[in-house]
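Structural characterization, general
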Amino acid sequence: MAIALAFGLTALRYPIGDLGRAGAGLFPAMVSGLLLLIGVATVVRSFFVEPVKLDLHFKNIALILTSLCGFALISMYLNMIAGIVFMVFCSAFAGSSNSWVRNLKISAGLIAMALALQKLLGLNLPLF
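Residues numbered from 1 in each chain as written. Predicted model: local features only at pLDDT ≥ 70, side-chain atom pairs only at ≥ 80, totals over all residues. Heavy atoms only, no water.

Under an unreviewed UniProt entry, the name given to the protein is DUF1468 domain-containing protein, and the organism recorded is Variovorax paradoxus.

Examining the overall build of the protein
Looking only at helices and strands, the protein has five helices and zero strands in total. Taking the principal axes of the C-alpha coordinates as reference, the protein spans close to 45 × 45 × 20 Å. The burial tally for the protein puts 21% of its 128 residues in the buried class. Here the contacts in the protein between residues at least 6 apart in sequence split such that 39% fall between residues at least 24 apart. Accessible area of the protein: about 9700 Å², with a carbon and sulfur share of 74%. (Helix = DSSP H or I, 4+ residues; strand = E, 2+ residues; numbered from the N terminus. Buried < 20%, exposed > 50% of the residue type's maximum accessible area, 1.4 Å probe, protein only. Contact = heavy atoms within 4.5 Å. Areas by Shrake-Rupley, 256 points an atom, 1.4 Å probe, with all protein chains shown as cover.)

A look at the nonpolar core
Counting residues in hydrophobic clusters, the biggest one holds seven residues: Met80, Ile84, Val88, Ile111, Ala114, Leu125 and Leu127. Of all the elements in the fold, those that place two or more residues in this core are α4 (80–92) and α5 (100–119). Apart from the residues within four sequence positions on either side, Ile84 is in contact with Phe71, Ser107, Leu110, Ile111 and Ala114. (Core = buried A, V, L, I, M, F, W, Y, C linked by side-chain atoms within 4.5 Å.)

Digging into the domain arrangement of the protein
When its domains are assigned, the protein resolves into domain 1 (1–48) and domain 2 (58–121). The straight-line distance from the C-alpha centre of domain 1 to that of domain 2 is 30 Å. (Domains from an automatic or database assignment.)

Points about the environment of Ala11
The topology assignment puts Ala11 in helix α1 (residues 2–11). We classify Ala11 as buried; its relative accessible area is 2%. Once the C-alpha coordinates of Ala11 and Trp100 are considered, the two residues, 89 residues apart in sequence, prove to be 44 Å apart. Leave out the neighbours within four places in its chain, and Ala11 touches Ile16, Gly25, Pro28 and Ala29.

Regarding the UniProt feature "domain: DUF1468" (unreviewed entry) in the protein
Per the UniProt annotation, the sites labelled "domain: DUF1468" (unreviewed entry) are residues 4–126. Between the end C-alpha atoms of residues 4–126 there is a gap of 33 Å, over a span that is 67% helix and 0% strand. (UniProt positions renumbered as here; feature names shortened; annotations may be inferred.)

Observations regarding the packing of helix α3 (residues 58–77) against α4
At their nearest, the axes of α3 and α4 sit 8 Å apart, and the two run at 170° to each other. One way to sum up the angle between α3 and α4 is to call them roughly antiparallel. For the pair α3 and α4, contact is made by Leu63, Ile64, Thr66, Ser67, Leu68, Gly70, Phe71, Ile74 and Ser75 and by Met80, Ala82, Gly83, Ile84, Phe86, Met87, Cys90 and Ser91, respectively. Among the residues forming the contact of α3 with α4, the class breakdown is 11 nonpolar, six polar and no charged. (Axes fitted to C-alpha atoms, helices over the stretch in contact; angles between N-to-C directions. Parallel < 35°, antiparallel > 145°, perpendicular 65-115°, else oblique. Nonpolar A, V, L, I, M, F, W, Y, C, P; charged D, E, K, R; others polar.)

So, in structure tokens, the structure goes:
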């Protein structure tokens, strides 16, 4: 909530404009406002829900970080499709169950999304 508030107050220094002609501060103000609402809802909900012990599994955290770093490196030096496949299969080891069929479906969905972003929106993604 503090981070959302800090960004929101900073965004108010820029012209907001209106929805027809958005100023530079409109988008950051809207995003930080939504994050602040989520934070307030989380704090309010915490008073009504029983606390649950948080178990940190450092192996899983390391696997997720490795998959993200591997995605960035493979995308930069090889191509993004190989990076997506690596990220999905590496991060799947952090889950409780591992299915290569599910991983292939997730990879195919992410690749289709990347292709759509490249072809439809014209983003410069190194897919091939």
